[in-house]
Amino acid sequence: MTDVSGHPVTGLDEVVHQRVRLGILAITHEAKRVEFGYLRTQLDLTAGNLSKHLSVLEAAGLIDIEKGYEGKRGRTWITLTADGDAALAAEISRLKMLIARVETA
Amino acid sequence: MTADAIRPGDDPRRILSEVRGLAARVRRDQRLTWVALLVLGAVTLLAVPFDAIFMQLQCQADGCTFARRGMLYYWPPALLIAYATIAWGYLRAARARGVGGRVLPYAITGAVTAVVFTAAYVAAALYFPANPPFEGGPVPFWWIVLDRLIAPWGLIGLALLVLAAVERNGPLLLFTGGYLALVLLVLPTTEGMSMMGANLRLSMAVPQLIIGIVLLAGAFGFAKARRP
């Protein structure tokens, strides 16, 4: 997942190297804990589309999803797991390496 | 950030910039700077009557000595209540917006400053009457700055620096820099502002009123800047 020996592209994680999922991880990392509706607004997605991406990230063990109620209103909160944190850091590092390669080429 | 896949031709710089943009938006949504400054400004202004009422003054022909007991009675609980209120407000607002909060390090720093102030005040009150600093002679400027730094108004500035760092809040960092310069280098917060005909209680009140107004003006400015 975080092979740094070869070309930066070879180490990219298929789960994370995806625009929406990278956005989800970035927002969740910064927010520490983020609500489903906030993610949907920030990423300009439909509920169904966001749910699919969240399922992929949850299945990969990168996020935790917690469902609950506030009053009568159902709310879904997403937090990053330690693996999710590491995966995001690795992806950012890969992107920086790619930029460095492009600039020195 | 609406397209699904990162395509091979996508510029990593653009992707990284999008990620940073999203993170910056979250940080903006977590902030409630104006509330922090509003609470601290209100607490500062409320301290003025406490300071004046409980100040112990002893005047003789060669001058007056004073002890600001009101500061000890008022500031430790006031700081603790203020930082608890700010933390509660931050977390409530962040939750309502759908994000987690980052205010805890600030609130903890604030609580620590309350303890530091109390310890420093009590230690000074016990030690200095029998052992005046610099043998009762004129004190150097660095000593005055240190004295102002461990006073509540200086400690409020130190805690605000922590908040600016935690939030990566550039405007707050600038505001705090100006605030600390005012509190540490300009306003005689611990000596009183000598004015023609003003008594000692009033001379102590003026710097506090200025600080309170500066904090409230900051609250107003940050609240206004927040509106879309």
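An unreviewed UniProt entry annotates chain B as Integral membrane protein originating from Actinoplanes couchii.

The name given to chain A in an unreviewed UniProt entry is Transcriptional regulator, with Actinoplanes couchii as the source organism.

## Quick notes on the pattern of salt bridges
Summed over all chains, the structure comprises eight salt bridges over all chains. We note a salt bridge from Arg27(B) to Glu30(A), for which the minimum N-O separation is 3.2 Å. Of this pair, Arg27(B) sits in helix α1 (residues 12–30) while Glu30(A) is found in helix α1 (residues 19–31), placing the two residues in two different chains. For the pair Arg27(B) and Glu30(A), a shared accessibility class is recorded, and that class is buried. The closest approach of N and O atoms between Glu30(A) and Arg168(B), which form a salt bridge, is 3.2 Å.

## Examining the nonpolar core
Formed by 45 residues in total, the largest nonpolar core has its most connected members in Leu40(B), Trp75(B), Tyr106(B), Leu160(B) and Tyr179(B). Of all the elements in the fold, those that place two or more residues in this core are α2 (33–54), α3 (69–97), α4 (104–127), α6 (152–167), α7 (170–186) and α8 (200–226) of chain B. Other than its neighbours up to four places away in sequence, Trp75(B) contacts Val43(B), Thr44(B), Ala47(B), Gly70(B), Phe117(B), Pro152(B), Trp153(B) and Ile156(B). Counting residues in hydrophobic clusters, the runner-up holds 33 residues, among them Leu25(A), Leu50(A), Leu54(A) and Leu62(A).

## Topic: the UniProt feature "transmembrane region" (unreviewed entry) in chain B
Residues and elements named next belong to chain B. The feature "transmembrane region" (unreviewed entry), as given by UniProt, occupies residues 32–54, 74–91, 103–128, 140–165, 172–190 and 202–223 in the numbering adopted here. Counting secondary structure, residues 32–54 comes out at 96% helix and 0% strand; the distance between its end C-alpha atoms is 34 Å. The distance from the first to the last C-alpha atom of residues 74–91 is 26 Å, and the span holds 100% helix and 0% strand.

## Examining the interface of chain A and chain B
Tallying the contact residues gives 31 residues for chain A and 31 residues for chain B. Carbon and sulfur atoms make up 57% of the area that chain A and chain B hide from each other, which totals about 2800 Å². Among the residues chain A hides against chain B, the three largest losses belong to Arg19(A), Glu30(A) and Tyr38(A). Together they make up 32% of the total. Linking chain A with chain B are four salt bridges. Run the count over chain A and chain B and you get 11 residue pairs in polar contact (both at pLDDT 80 or more). At the level of elements, α1, β1 (34–35), α2 (36–43), α3 (47–59), β3 (73–80) and α4 (82–104) of chain A are the ones that each hand at least two residues to the side of chain A that touches chain B. At nine residues, the largest contribution of residues to the side of chain A that touches chain B is made by α1(A). When the residues that make up the side of chain A that touches chain B are grouped by side-chain class, the tally is 14 nonpolar, seven polar and 10 charged.

## Considerations on the packing of aromatic side chains
Residue and element names in this part refer to chain B. Applying the stated rule across the entire model yields 14 aromatic pairs over all chains. Seen from their ring centres, Phe-54 and Tyr-73 are 5.4 Å apart, and the 85° between their planes marks the pair as edge-to-face. Highlighted residues: Phe-54 in helix α2 and Tyr-73 in helix α3, separated in sequence by 19 residues. A residue is classified by how much of its surface remains accessible, and Phe-54, at 35% relative accessible area, is partly exposed.

## Structural notes on the UniProt feature "domain: Winged helix DNA-binding" (unreviewed entry) in chain A
Using the residue numbers shown here, the UniProt feature "domain: Winged helix DNA-binding" (unreviewed entry) corresponds to residues 20–99 of chain A. With 64% helix and 22% strand, residues 20–99 of chain A has end C-alpha atoms that lie 20 Å from one another.

## Comments concerning the environment of Leu95(A)
Within the secondary structure, Leu95(A) sits in helix α4. The exposure class of Leu95(A) is buried, given its relative accessible area of 1%. In sequence terms Leu95(A) and His17(A) are 78 residues apart; their C-alpha atoms lie 9.6 Å from each other. With near-sequence residues (within four places) excluded, Leu95(A) lies in contact with His17(A), Leu22(A), Pro12(B), Ile15(B) and Leu16(B).

Conventions and cut-offs
- Residues numbered from 1 in each chain as written.
- Chains lettered and ligands numbered in written order.
- Predicted model: local features only at pLDDT ≥ 70, side-chain atom pairs only at ≥ 80, totals over all residues.
- Heavy atoms only, no water.
- Salt bridge = Lys/Arg side-chain N within 4 Å of Asp/Glu carboxyl O.
- Helix = DSSP H or I, 4+ residues; strand = E, 2+ residues; numbered from the N terminus.
- Buried < 20%, exposed > 50% of the residue type's maximum accessible area, 1.4 Å probe, protein only.
- Core = buried A, V, L, I, M, F, W, Y, C linked by side-chain atoms within 4.5 Å.
- Contact = heavy atoms within 4.5 Å.
- UniProt positions renumbered as here; feature names shortened; annotations may be inferred.
- Buried area = accessible area lost by both parts, 1.4 Å probe.
- Polar contact = N/O pair within 3.5 Å; in protein donor to acceptor, adjacent residues only side chain to side chain.
- Nonpolar A, V, L, I, M, F, W, Y, C, P; charged D, E, K, R; others polar.
- Phe/Tyr/Trp six-rings, centres within 6.5 Å; stacked < 30°, edge-to-face > 60°.

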